Amino acid sequence: PGLVYRFVAAWVVTLALVVALYGVVLSTVGASVGAGEVIALYALVQATSFVVLTPGNLGIQELGFTGLAALFGVPLAQGAAAAAIIRASGWIALAIPAFILGGQDVVSALRSFRD
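Residues numbered from 1 in each chain as written. Predicted model: local features only at pLDDT ≥ 70, side-chain atom pairs only at ≥ 80, totals over all residues. Heavy atoms only, no water.

J.: How should I be thinking about the pattern of salt bridges in this particular structure?
T.: Between side chains of opposite charge, a pair can form when the charged atoms approach closely. For the structure on display, the rule yields 1 salt bridge. A salt bridge links Arg87 to Glu62, with the nearest nitrogen and oxygen atoms 2.3 Å apart. Here Glu62 lies in helix H3 (residues 60-71) and Arg87 lies in helix H4 (residues 76-114), a separation of 25 residues in the sequence. Judged by its relative accessible area of 15%, Glu62 is buried. (Salt bridge = Lys/Arg side-chain N within 4 Å of Asp/Glu carboxyl O. Helix = DSSP H or I, 4+ residues; strand = E, 2+ residues; numbered from the N terminus. Buried < 20%, exposed > 50% of the residue type's maximum accessible area, 1.4 Å probe, protein only.)

J.: Any chance you could explain the nonpolar core here in plain terms?
T.: Taken as a class, soluble globular proteins show a tendency for nonpolar side chains to be buried jointly. With 19 residues, the main nonpolar core has Tyr22, Leu26, Leu41, Val45, Phe65 and Ala82 as its most contacted residues. For this core, the secondary structure elements donating two or more residues are helix H1 (2-28), helix H2 (35-48), H3 and H4. Sorting elements by how many residues they give to this core places H1 first, with 6 residues. (Core = buried A, V, L, I, M, F, W, Y, C linked by side-chain atoms within 4.5 Å.)

J.: Please explain the side chain of Glu62 as it appears in this structure.
T.: Of note is the side chain of Glu62, whose polar atom sits 2.6 Å from the backbone nitrogen of Gly59. In contact with Glu62, not counting residues within four places along its chain, are Asn57, Ala83 and Arg87. (Polar contact = N/O pair within 3.5 Å; in protein donor to acceptor, adjacent residues only side chain to side chain. Contact = heavy atoms within 4.5 Å.)

J.: Explain a nonpolar patch on the surface to me, please; I cannot follow it from the model alone.
T.: A cluster of nonpolar side chains, namely Val4, Phe7, Val8, Trp11 and Val12, defines an oily patch on the protein surface of about 520 Å² accessible area. Positionally, Val12 belongs in helix H1. (Patch = residues over 30% accessible without salt bridge, like charges linked within 9 Å, V, L, I, M, F, W, Y side chains within 5 Å. Areas by Shrake-Rupley, 256 points an atom, 1.4 Å probe, with all protein chains shown as cover.)

In structure tokens:
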């Protein structure tokens, strides 16, 4: 039971963070979408991630997000901008800890390669 509780708690926290991220990004690009629509959009975008056509589903996920957002009344340009911001935020979220945890090793390796 403890594992199930921790899993559900992690899922709820993740869902809350994603809903907040999607809501803020959509609001930033000028789209007005309710929390329920954001949750549905997130769930549908996750479903499209099972069809991987490019490395990291680059471009495909953004097209899916843009199209699905349009179904919820978000104009295509705003949906595409939101998809790009969300993709960039994911890269930044990965790059910061990666640099902190392994950046020195990369810099050292590049310096030794150069010498």
